[in-house]
Amino acid sequence: MLNCSTKAICSRGFIPNVISVRYRRVNVQKPRKPDHYRAVIDTITMPKYPWPKPSDMKWSERCPKPFSKAFKQIEENPYENILAKELRELFEQSAMIAIFHKNPVKGDIDFKTTKTFKMADMDYVVYGKSTLKLALADTNYAAVLDLFQSHSSIVFSSTSQVPKLLKITKKTPHLILLASIVDGKLLSKNQTVEYGNLVNIDNARAALVGVIEQVNNRCLQTIGQTQLTMVRYLEQYGKSLDVNTEKKSTEESD
């Protein structure tokens, strides 16, 4: 059977009323003692040594992270040594090296980027900072390590094809060019763009040969002009001598 309160709620004439209940205020100055179980837990978890104040500590001791790094021993990884050796060979054998900052993208976009560089005879790789330090620490490329502070990627090419690299970079906005190494020289982004806008080396050589030939022809004309003038004068002088001898011969015969 239902009790009286349930019958009252289920009846149609029931109207709920909001009744405010005021609880007793908590005594902050003289709180009530905890029960036995809570008192035992508080006693057990009470710290035995006082917490050091940051104001009384040195600046080097306030942050425990550098202190833990100083005593952290990094084990040598054989696989990382193999990767470092391969990376050093790529740096030494490549004619063009481009360093990019890589923004986070989806996996399919990253795969398309790798495929695009592969079709252009370029290798698009990503290495960790520790591997790069191990590979380039004692080489001529140690200055490049300052560029690898966050997510970075590298493009290697056996030939210096900077215009093609810049054309591919326009199609990959998630890659930001930081610097490049072309024929053993470190170039900034602006210098790389200027280098890519230069005329082809074969066309430049052909134009230089044409200019040299023009100068050579002008020199020959200038040098030979006096000789030609002298030859003309001698011919005219010879003709005048022939005319004079003919006149003398006719006068003597008369």
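Note: the structure precedes this text.
Now for a quick tour of the structure. The structure displayed is predicted, hence computed values, not measured ones.

Cut-offs applied
Counting restarts for each chain: residues are numbered from 1 in the order of the written sequence. Since the coordinates come from a predicted model, pLDDT governs what is reported: local features require at least 70, and pairs of side-chain atoms require 80 or more to be given and counted, while whole-chain, interface and lining totals use all residues. No hydrogens and no water enter the side-chain calculation; it runs on all heavy atoms of the structure. Numbering of helices and strands runs from the N terminus, with a helix taken as a DSSP run of H or I at least four residues long and a strand as a DSSP run of E at least two residues long. Think of it in three bands: residues with accessible area under 20% of the maximum for their type are buried, residues over 50% are exposed, and the middle band is partly exposed, with areas taken using a 1.4 Å probe on protein chains only. Contacts were defined at the residue level, with two residues in contact if any of their heavy atoms lie within 4.5 Å. Method for areas: the Shrake-Rupley scheme with a 1.4 Å probe, in which residue coverage is limited to the protein chains shown. To obtain an axis, a line is fitted to C-alpha atoms, over the contacting stretch when the element is a helix, and the angle between two such axes runs from 0 to 180 degrees between their N-to-C directions. With the far helix as reference, a near helix turned anticlockwise by less than a right angle produces a left-handed crossing, and one turned clockwise produces a right-handed crossing. Amino acids are sorted into nonpolar (Ala, Val, Leu, Ile, Met, Phe, Trp, Tyr, Cys and Pro), charged (Asp, Glu, Lys and Arg) and polar (every other residue, Gly among them). One speaks of a salt bridge when a side-chain nitrogen belonging to Lys or Arg is within 4 Å of a carboxyl oxygen belonging to Asp or Glu. Paired strands, in this sense, are two strands between which DSSP finds at least two bridges.

**Here we look at the overall build of the protein**
Each helix and strand in the protein was counted, giving ten helices and five strands. Every one of the 254 residues in the protein was classed for burial, and the buried ones make up 20%. Of all intrachain contacts in the protein linking residues separated by at least 6 positions in sequence, the fraction that spans at least 24 positions is 78%. On the protein, roughly 21900 Å² of surface is accessible, and the fraction owed to carbon and sulfur atoms is 58%.

**With respect to the packing of helix 8 (residues 162–171) against helix 9 (residues 189–196)**
One way to put it is that helix 8 packs onto helix 9 with a least axis distance of 8 Å and a crossing angle of 115°. By crossing handedness, the relation of helix 8 to helix 9 is classed as left-handed. Touching V162, P163 and L166 of helix 8 are T192, V193, Y195 and G196, all from helix 9. Within the contact of helix 8 with helix 9, the residues separate by chemical class into five nonpolar, two polar and no charged.

**Re the pattern of salt bridges**
Taken as a whole and judged by the stated rule, the model has two salt bridges. Note that K102 and D110 form a salt bridge whose closest N and O atoms lie 2.9 Å from each other. A salt bridge links K118 to D123, with the nearest nitrogen and oxygen atoms 3.4 Å apart. Given the relative accessible area of 33%, D123 is considered partly exposed.

**Digging into the sheet that holds strand 2 (residues 123–125)**
Spatially, 2-3-1-4-5 is the arrangement adopted by the five strands of the open sheet, whose pairing is antiparallel. Each edge of the sheet is formed by a strand with only one pairing partner; in this case those strands are strand 2 and strand 5 (185–188). Geometrically, the sheet is characterised by an average inter-axis angle of 25° between neighbouring strands, direction not taken into account. Relative to strand 5, strand 4 (residues 175–182) runs antiparallel, the two being bridged by four bridges. Bridge pairing links V182 to K185 in strand 5. Running over the sheet, helix 6 (residues 107–119) touches strand 1 (96–102), strand 2, strand 3 (152–157) and strand 4 and is turned about 150° from strand 2. Packing against the sheet, helix 9 makes contact with strand 4 and strand 5, and its axis sits at approximately 100° to strand 5.

**Focus: the environment of L186**
Here L186 lies in strand 5. In this structure the C-alpha to C-alpha distance between L186 and I97, which are 89 residues apart in sequence, comes to 9.2 Å. Those residues within four positions of L186 in sequence are excluded, and the remaining contacts are A179, S180, I181 and Q191.

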